[in-house]
Structure formats: structure tokens, C-alpha cells
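One letter stands for each residue in the lines below.
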Amino acid sequence: MKAFTVLKGVAAPLPVPNIDTDKIIPKQYLKTIQRTGLGQYLFDEIRFTPDRKERPDFVLNKPAYRQASILVAGENFGCGSSREHAPWALLDFGIHCVIAPSYADIFYNNCFKNGILPVIMPKDKVDILMKDAEAGKPLTVDLPRQKVLRDNGEAFSFEIDGFRKHCLVNGLDDIGLTLEHEPDITAFEKQQKGSQSWLYK
Amino acid sequence: MSKPRTMFEKIWDSHVVRKNDDGTCILYIDRHLVHEVTSPQAFEGLRLAGRRMRRPDATLAVADHNVPTADRATGIHDSESLLQVETLTSNCKEFGVTLFDMHDKRQGIVHVIGPEQGMTQPGMTIVCGDSHTSTHGAFGALAFGIGTSEVEHVLATQTLMQKPARNMRITVEGALPLGVTAKDVILAIIGKIGTAGGTGYVVEFAGSVIRGLSMEGRMTVCNMTIEAGARAGLIAPDDTTFNYIKGRPMAPPEKDWDKAVAYWRTLASDPGATYDKEVTLNAADIAPQVTWGTSPETVAPITGYVPDPDKVAEPARKTAMKHALEYMGLAPGTKLTDIRIDKVFIGSCTNGRIEDLRAAAAVAKGRKVAAGVYAMIVPGSGLVKAQAEQEGLDKIFKTAGFDWREPGCSMCLAMNADKLEPGERCAATSNRNFEGRQGRGGRTHLMSPAMAAAAAITGKLTDVRELA
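The following paragraphs examine the structure supplied in this document. (Residues numbered from 1 in each chain as written. Chains lettered and ligands numbered in written order. Predicted model: local features only at pLDDT ≥ 70, side-chain atom pairs only at ≥ 80, totals over all residues. Heavy atoms only, no water.)

**Things to note about the pattern of salt bridges**
Move 1: Applying the stated rule across the entire model yields 43 salt bridges over all chains.
Move 2: With its nearest N and O atoms 3.2 Å apart, the salt bridge here joins Lys31 of chain A to Asp78 of chain B. On the criterion of chain membership, the pair formed by Lys31 of chain A in the loop between α1 (21–24) and α2 (44–47) and Asp78 of chain B in the loop between β4 (59–62) and α3 (79–95) is interchain, its members lying in two chains.
Move 3: Classification of Asp78 of chain B by relative accessible area gives partly exposed; the value is 33%. (Salt bridge = Lys/Arg side-chain N within 4 Å of Asp/Glu carboxyl O. Helix = DSSP H or I, 4+ residues; strand = E, 2+ residues; numbered from the N terminus. Buried < 20%, exposed > 50% of the residue type's maximum accessible area, 1.4 Å probe, protein only.)

**Overview of the pairing of β4 of chain B**
All names here are of chain B.
Move 1: Covered by surrounding structure in β4 are Thr59 and Ala61 together with Leu60 and Val62, the residues of both alternating faces.
Move 2: Pairing of strand β3 (residues 31–34) with β4, which is carried by three bridges, proceeds in the parallel orientation. Its bridge partner being in β4, Val34 is matched across the sheet by Ala61.
Move 3: Handedness of the crossover joining β3 and β4 through helix α2 (residues 40–48) is recorded here as right-handed.
Move 4: One ladder, built from three bridges, connects β4 with strand β5 (residues 98–100); its direction is parallel. In the sheet register, Leu60 faces β5, and the bridge partner there is Thr98. (Pairing = 2+ DSSP bridges. Right-handed = clockwise from strand over helix to strand, strands pointing away.)

**Section: the pairing of strand β9 (residues 166–173) of chain B**
Residue and element names in this part refer to chain B.
Move 1: The pairing of β9 with strand β10 (residues 201–206) spans six bridges and is parallel. Paired with Ile170 across the two strands is Phe205, which belongs to β10.
Move 2: In terms of handedness, the path from β9 via helix α6 (residues 182–193) over to β10 forms a crossover that is right-handed.
Move 3: In the sheet, β9 pairs with strand β12 (residues 277–282) via six bridges, with the strands oriented parallel.

**Re the sheet that holds β9 of chain B**
Residues and elements named next belong to chain B.
Move 1: The strand order across the open sheet built from four strands is β11-β10-β9-β12, with neighbouring strands paired in parallel fashion. Strands with a single pairing partner mark the edges of an open sheet, and in this sheet they are β11 (232–235) and β12. Recorded for the sheet is a direction-independent mean angle of 20° between the axes of neighbouring strands.
Move 2: In terms of strand pairing, β10 meets β11 through four bridges, oriented parallel. Bridge pairing in β11 places Val202 opposite Ala232. (Axes fitted to C-alpha atoms, helices over the stretch in contact; angles between N-to-C directions.)

**Here's the deal with the environment of Gly129 of chain B**
Move 1: Counting through the fold element by element, Gly129 of chain B comes out in the loop between β6 (125–128) and β7 (142–145).
Move 2: The exposure class assigned to Gly129 of chain B is buried, which follows from its relative accessible area of 2%.
Move 3: Separated by 284 residues in sequence, Gly129 of chain B and Leu413 of chain B have C-alpha atoms that sit 15 Å apart.
Move 4: Residues in contact with Gly129 of chain B, not counting those within four places in the same chain, are Ser82 of chain A together with Leu33, His35, Thr38, Ile146 and Val151 of chain B. (Contact = heavy atoms within 4.5 Å.)

**Details of the packing of aromatic side chains**
Residue and element names in this part refer to chain A.
Move 1: For the coordinates displayed, the defined rule picks out 16 aromatic pairs over all chains.
Move 2: Measuring from ring centre to ring centre gives 6.4 Å for Tyr103 and Phe107, while their planes differ by 15°; the resulting arrangement is stacked. As far as burial versus exposure is concerned, Tyr103 and Phe107 are alike and both buried.
Move 3: Its end group placed over the ring of Phe156, Lys125 keeps NZ or CZ at 5.4 Å from the ring centre. (Phe/Tyr/Trp six-rings, centres within 6.5 Å; stacked < 30°, edge-to-face > 60°. Lys NZ or Arg CZ within 6 Å of the ring centre and 35° of its normal.)

Rendered as C-alpha cells:
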């Protein structure tokens, strides 16, 4: 996984609450057996007409936001299904960071597994960053210092789980970390097999 | 005396393999359900890293999202769907995972077959790359949906890295009025706490109404816990639970049965256990529910009206409501029972079990589907289908003009050929009314199986109590 440290880039505003994963990537694109190539379908139904022409009023179709690497969004972003295709599509498009007041749990979790930083910020701060994004001002997200910097230098702090930050900053693979504790897993299984033998064949 | 614990805390504590200083735990996973959409990249990851699969014996796979629900004799015609299903087959073969393929009579929706096979048991941790894994919480199992990276993590380690959730208890007391079902209860709950009301929590459902529900009803309630933002729902296991499990193919063997039940009886929350949040509903206040918008929280009693965005003060909510009504093609103030429908979908992991089909058949019996309405019944599994046919439900449906189909996810998410056309309006027993969920431009109204059957008969949203 690619490490995430400091990201400066164009921020696209999407001031809509409850953006669900069907909206981020509709089901017809879940038939792939790969992780890549989904960026072209990101936000498909609000980004394209049914005959796949760009909707000029959608933010990511506007010239100023085509290179966006940050998305500023409304509450409960990513609600709905567990499809990891949602963060895969964001990443493939080039979005490496989302800033929103809140997220659905599964989506939030899925972001970290793919090197995307989902920043949680109080709504009044998100509103200010939304205005910056609408004005085309770039944002800087500094994960090691846990700050989002506005173009005028003002910094907003954010909270993040220490372990998740550590993995993201260092680009660590969870599975490798867990397998370092394989003897603990084996010991657990032995103990469980003793007390709840019906769980094992 | 140790501190009283919630059911969630008991299950969590008994599965911690290791706890890091910051509170992150390696949590053991007892059972892993796998389907074709969220697993190919996980198996591929395993292969690329040269890792083995830790417990194929604790894993069960089924193809459900992409499979056709029409005649299967000619196979899957969509080449991408076919590749995804074939990939699941070859992965299961390579890694030694039990698979119910499309032609197996036990095939069905992953959250229907787990309980049906007796795989789902109290006290277990159960995961699946599917948000509706919350369904299995009906048995007092800690069950939640995960993404594909976590699917790979479980394949390789049989564990997940997690931090404990907060505890919420939702109590529903009283007696359900006539015509009000488990689906109405959970829709009313989502309407009350909102689609993000449960975010960060595991929700324990309690109270006389929950205790009085069948396992099917409890599964419907836990299934839609995720629509309130909570990854998992939990219901204390009791004799209803044990009677359901006993004798199923993957249930504990006879020699272990008493020991298993004795353990399961210890799982309920201790008296005095504390919750971070408590919500209470009175059953008498719940009427049959239908959704009018594009989020499961946009729900109202069938006796109500389409709400007016101009009466909403908060600007973001007002805008969202206006947008939803525009998408749904509904005018504020419309009586819900005046809304005409084009299609009816009865099925899904929410409402595709035998009891759901019985409820729909009770309404359909001796009646006819309204002219111009297409109504489909998609059983949750091959065994549900067989049971329904044994009871003659298929004949009732066919005589009434319903289409009787093969099991699968079908038009709940429209990944196969079953979908709405733009502008079509559907009475659905599924779980999500998001924009485009059942097909681009499709308009979904969520409701119970009896309500959906009633809508099929009259051609519009209907208070099932008036048909009785």
C-alpha cells in the first residue's frame, strides 16, 4: 500500500449528505474481478447522462476540478453497501483524501485499506473548507501533524486513530502485521477447540 | 463480582486473540461467508502474496448477486457476470472452500443460506463481504459486513483488526397491531434514529416485541440494522433460536448439543449492563410503513402523506428532500395510498424467507395482480423455494398472476437481468431505496411482504389492513 503523508491539491466540493456507495459506484461496475480501472465510473449516474455524456454541471466535470485529489463532502459519506469498489473508484480517479463531518463505518474502514485518508471534521470547519473548494483554493492535508491547511495558512486539526495513522503514514499491510502474531492465533484456536469443540470439524 | 456486560461485550471478549496498547484487537472470526462480487480481488491478493487460506473449513461460498432468476438451464448470458461466478468456482476449488453453485438446490442468498444450514450460531463472530451480514445477529452472533481487503485478511488469518464498537439498545415493548410486521418495526426504527443514527454502534434489540418475533422476523430486523448505520444488530438467543438451529446440517452435533445450548444461554446481556445509548419504541404506535424517498430513513406510515420540503427548516435537509421527491416523481401532500406502481419485487435477504412468502401468499390468495403491474417473487434460497412449493404457495402466486422465480439477490440490487427501467415505480420488500439501486432511474418504495403483495393486487401503495 502506498504511504500517505502530506497531500496538497485541488479540492472538489460535493455538499450533499448521505452520498451512498451505489452513488459512488453503481452495481453494474461491480462485476470486475480487478481493483483497478474503476475511476471512469466514479459517481457514474450523477457524472454522466444515460448515454454516457458528461453532465457539465457535475463538479468533477468542471475544468477546475478534473485533477482533484481531495473531496470535501457532506455527512454520512459512503453509507450503504460494503463494496470496496467505492474507495477503489475514488483512488483510480485520483482522490486520495475525503474530508467530511462523518462517514459510514464500513466505507471509512475500507478507505484505510487502500491508502485513502478519510478526514473527520466538525461541520462548521467542513463548511469553511467547502467554501474554499468552491472558490477553487487548494488544500493541504498533513497527516503526520493531523492538520488541514487552508490556502491562507490557517490550520484545522483533526483526530485519527493512532494505529490507523501509523499504518497509513508507513504504507503498512495489515495482513503482514497480523501474521507476526500467528502463534497467538494458533493458541486461541487450541483453547477455543477445547471449550467449544462444535465450532471445529 | 465482575462488571455486568452486554451481549456484545461478552462475544467480543471471548474472541480477542490479542489486544494492542492502543486498544486495537486482533479479533478471531468463527465463520466467513463468501460471494462472487466482493471476493475475487481478495483471493487474487492471497495468491499474489503466496499466502495460504487459514480455515477453509470455517468458510462457505455461494454465488447469489449475479445469478439469473429465470430458467438456469442455459447458464449465465452476461459475460462479466459469468466470469465473476466462474472465478468464484475456481477460487473455491483452488483453496478448498465449500461452494453451493447455481445448480445446487441449497444455493441462495448468502444471508439466507447461512442460517438455513445451521452455520449461523449464537456467540459466533461471522463476517462476509456484504453489508447485510448484520442479518446473522438475529441468532446472537456478532456479525458484520467487511470490505474486500478485510475478506483477504480473514482468508489469510481468520482474524480482523478491530476496535470495539459502542453499545446501543433499542427496546420495542407492547404488542404489534394487526398487519404490522418485523419489517415495519425496523423501518420505524430507522425513521426514528436516521440512516446514521447507529454509526459506530452495535445495536442490541430487546423488548417483548423482539422476543415474540420468529427467527425470520428477527433476521429481517437485524438485516436492516445497517440501514441505520450500525454494522451489527444483536438479539439475545432463546428457545426460539435453539429450536430453529437444532437438526440443521451444520448445527452442533447431538453429542455437543446440550453443552452448546448451555453456553448460548450465558450470552444474553447481564442485568445492569450499561449502554452508551438507549432508544425505546412502543409497538402500539407502529403502523405498516412505506418509504417515500431515496434513503431508508425517508419512511412514513401508509396512512400518511408525502412530506413537504418547504416545511423543513434546515437548508441541507430541505434540498435533499426536494431532490429526493423530484427523483421519485412525487408531489408534496400526495396521499401515500394514491401512489400507483409498475412493478413489485418480493424477495431479498431482508424478506426472502418462507415466512415472508407465506405472508405475501396470504394476501395474494384468491386475488389477481392488477392489470399493467408486473410482480415477481424471488425465494431467498432453493430450499425456501422447495418448501414454498411443498406448501402450495407457488400455485397461489401463479394463479394470482405473480412470476415465480429462481433464488438470488435479483432486483434488490439489479446486478443480474432483473431491473427497473427509468421512471418505473416498484413496491419492494428489499432494504435500500437509493437512487438507481434497482436500475437507473428506478423508483423504489420499501415495505413488508404483505404490503408489497397488497400493492400488486391494487396497483398502488395500499394499507394491507384494508384488504383483510
